[in-house]
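# Understanding the architecture of this molecule
So the chains spell out like this:
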Amino acid sequence: MVFNERLEKVTVTDLKGDIATYVKDENDIIGQSYCSRTIHINDELKQINYLKSDKLTIVLPLRQLKDELPYTLEAEYLPDTLPKLFLFYPLIGTEDFGFNFVIHSKNFQPTEPRDGLHLNSENEKNKVEEDANQLLLEEGSQLIFDFLENNLESIRDPHYLASINFTVESDDNELNQYFSVFKEKWIAKFRKLPLVQTTTNRIAAENAIFLSNEILDNASKDTLQAIYRIIEKFYTNIPHQNLIPIWTQLVDEWRISDISRIGFSDIAKIIHNEGSLTNFSKEDLILLYKEILVKGHEGLFSTLAILPNIKGNLRKQIELSKTVELTKELIEIADLINPEISTRQVASDFLFNGLEFEPFGRKKYMELINSSLTAHLKDNTKSYELPQGYLQGLMQYSSITSKEGSTSGLIQIIKLIAQYYNLPFTQVILPSLPGDENIDVRKGQFDFFKLYLNDISEKDSDWVKENVVELSDILHQAFKLVDVKKYFLKYDVFPNQLFQLRAINDLNRDNGIPDFIKELYDKVVDSDGNIKSKLVHPEFQDLHDEMKPTNSLDLTRKIEQVFLGRVRMIFVWKITHLGQILSK
């Protein structure tokens, strides 16, 4: 009715007997950019918006909006059953003509069955009609292009205008050739128009990035939303989330190679470059990774660092292991002693079917811990030379036991040494497993002792005097265990009576020697030394059974020998020192 001015009223009765009456308003509404004609369909109104020239009338797939600024028009799809070419009446067979517009011209030259237009063929007899129709379609295309360039900002949902799908693979090669060129002209124009709505603005398709079909095919709504949330942080030029599938289909119809698309490998590279889980939602990554596996791209996990370890750092599949029987406490210890252990453990939420990981149990854990201890703890290493937190981790590792409330001698020694370092002592309970997947912490325990013994071996007499009781407690506890006793005997950590630390083999037990004999001995026998330096401190008298005793008689004999050597030619009454002895 819009195309035929003489057609003012139409009554249609369908097969069910329902009647619809179509009546058009007498006059068009002429706007600045397009015209409108109102059609009354029974009691409803339908407004048809169109472009008009001397030869053409083009129906626009647009409806007018009220009070929805900044948009005054909204694009929509025309019905699939509606022919796209009219010569007053529809050319039946042009329903799939490759755009979302309807073009009428009284000058069209239709085929004989009125199912299309003469456009391109080998028949020279149709050359005049073909040229005329091509010129009309060129003119109609330009009218559409000009309208969109000037009015696109006022049109909502412009993607409905972007369907360009002319058939270029029919059995008619001549027609294919024409439509290929015609389609290229349309795409060349439409790719530059700001049709793609992003989260912030509209951009041209040639400046946008679209998701590939491999991502979209059979993906659930939740998965697509997760993928969008991942990529929107890195791309501002992707279609709005709701439009991603639509635009992927549209650019597929365009069939041009230089439109940018994102596939699974592109998303994986983005994640790889971030290096950490902190910039992503764990739940979103899980949905993405499951989709990657379902669609056969498991190789991405071995070539790119996209799997998080338990610390949230991204690693390649080959760099990760599956934790077996490692408790939270063991991982916390590893963080202090050998962080490599925790960095190689894959986060439990990412243990997907289809991804294999080397199992990592307690035995491997112990090997790596011990390897770190060997590297850090040399014979003379002091605790202050270790990395921050290392000593705390070593103490906790040393305190691992299989039974709660263990009061073993080793644990008691470790607890006393922890007090010396002001370390909070919490026993780590790790029930034993059958087989050889258990941890033997003896190396850690003896390395902990080594640090302590190295540290206190440097202490001066003031420190020893102040801490002699605490030192005595540790040494006495250590000497209750044969292996520990042998180890402690190697160090110069045993106080003499001057509060100096000495090797235990350099000290003798003091069997009740009076101080005046010790003083006399120093004056007579060893004026440059001090007998107390060779006698163990009283707190340690009973520490070592093999310690040689020294008593008063031993000292007085040596004093007497000195005196006798000096009085061979002197009268007894002139021997002052001997008189002192006899007077006692």
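Above this note sits the structure.
In this report, the structure presented in the accompanying data block is examined. If you're wondering where the values come from, they're calculated on a predicted model, not measured in any experiment. (Residues numbered from 1 in each chain as written. Predicted model: local features only at pLDDT ≥ 70, side-chain atom pairs only at ≥ 80, totals over all residues. Heavy atoms only, no water.)

## Focus on the environment of Ala132
For the record, the criterion: Only DSSP runs of H or I covering at least 4 residues are called helices, and only runs of E covering at least 2 are called strands; the numbering of each starts at the N terminus.
Looking at the element boundaries, Ala132 is found in helix H1 (residues 127–151). C-alpha of Ala132 to C-alpha of His118: the two residues are 14 residues apart in sequence and 8.8 Å apart in space.

## Here we look at the environment of Asp545
Inspection of the secondary structure puts Asp545 in the loop between helix H17 (515–524) and strand E24 (549–550). As a C-alpha pair, Asp545 and Arg509 span 36 residues in sequence and 9.6 Å in three-dimensional space.

## Thoughts on the packing of aromatic side chains
Our working rule: For Phe, Tyr and Trp, rings pair up if their centres lie within 6.5 Å, where Trp contributes its six-membered ring, and each pair is then called stacked (planes under 30 degrees apart), edge-to-face (over 60) or tilted (otherwise). Note on classification: 1.4 Å probe, protein chains only; a residue is buried when its accessible area is under 20% of the maximum for its type, exposed when over 50%, partly exposed between these limits.
Applying the stated rule across the entire model yields 35 aromatic pairs. With centroids separated by 4.8 Å and ring planes inclined at 80°, the aromatic side chains of Tyr77 and Tyr160 adopt a geometry described as edge-to-face. Placement of the pair is Tyr77 in the loop between strand E8 (73–75) and strand E9 (85–87) and Tyr160 in the loop between strand E12 (155–156) and helix H2 (173–190), with a sequence separation of 83 residues. Classification of Tyr77 as partly exposed rests on a relative accessible area of 45%.

## Observations regarding the side chain of Arg191
To keep it simple, the criterion reads: Only heavy atoms matter for contacts: two residues are in contact if any of them lie within 4.5 Å across the pair.
Structurally, Arg191 can be placed in the loop between H2 and strand E13 (196–197). Setting aside its immediate chain neighbours within four residues, Arg191 contacts Ala204, Ala205, Glu206, Trp254, Ile256, Asp258 and Ile259.

## Some points on the pattern of salt bridges
As a reminder of what qualifies: For salt bridges, the criterion is a side-chain nitrogen of Lys or Arg within 4 Å of an Asp or Glu carboxyl oxygen.
Enumeration according to the criterion identifies 24 salt bridges in this entry. In this structure, Glu74 engages Arg63 in a salt bridge whose closest nitrogen and oxygen atoms are separated by 2.6 Å. Of this pair, Glu74 sits in strand E8 while Arg63 is found in strand E7 (residues 62–64), placing the two residues 11 residues apart along the sequence. Of the charged contacts, one joins Asp335 and Lys311 as a salt bridge, the two residues approaching to 2.5 Å between their closest N and O atoms. Of this pair, Asp335 sits in helix H9 (residues 328–337) while Lys311 sits in the loop between strand E17 (307–308) and strand E18 (314–315); the two residues are 24 residues apart in sequence, bridging distant segments of the chain.

## Some thoughts on the packing of H9 against helix H11 (residues 362–376)
So the rule is basically this: Note on definitions: angles span 0 to 180 degrees between N-to-C directions of axes, and those axes are lines fitted to C-alpha atoms, for helices only across the stretch in contact. Angular relationships are summarised with four words: roughly parallel below 35 degrees, roughly antiparallel beyond 145, roughly perpendicular across 65 to 115, and oblique for the angles in between. Put simply, a crossing is left-handed when the front helix is turned counterclockwise from the back one by less than a right angle, and right-handed when it is turned clockwise. Residues are grouped as follows: nonpolar covers Ala, Val, Leu, Ile, Met, Phe, Trp, Tyr, Cys and Pro; charged covers Asp, Glu, Lys and Arg; every other residue, Gly included, is treated as polar.
In the contact formed by H9 and H11, the axes pass within 10 Å of each other and the chain directions differ by 25°. Considering their axes alone, H9 and H11 lie roughly parallel with respect to each other. Seen along the crossing, H9 lies across H11 with a hand that is left-handed. Here Leu330, Ile333, Ala334 and Ile337 of H9 come into contact with H11, specifically with Tyr365, Ile369, Ser372 and Leu373. Taken together, the residues that form the contact of H9 with H11 break down as seven nonpolar, one polar and no charged.

Bear in mind that shape data such as this cannot, by itself, settle questions of function.
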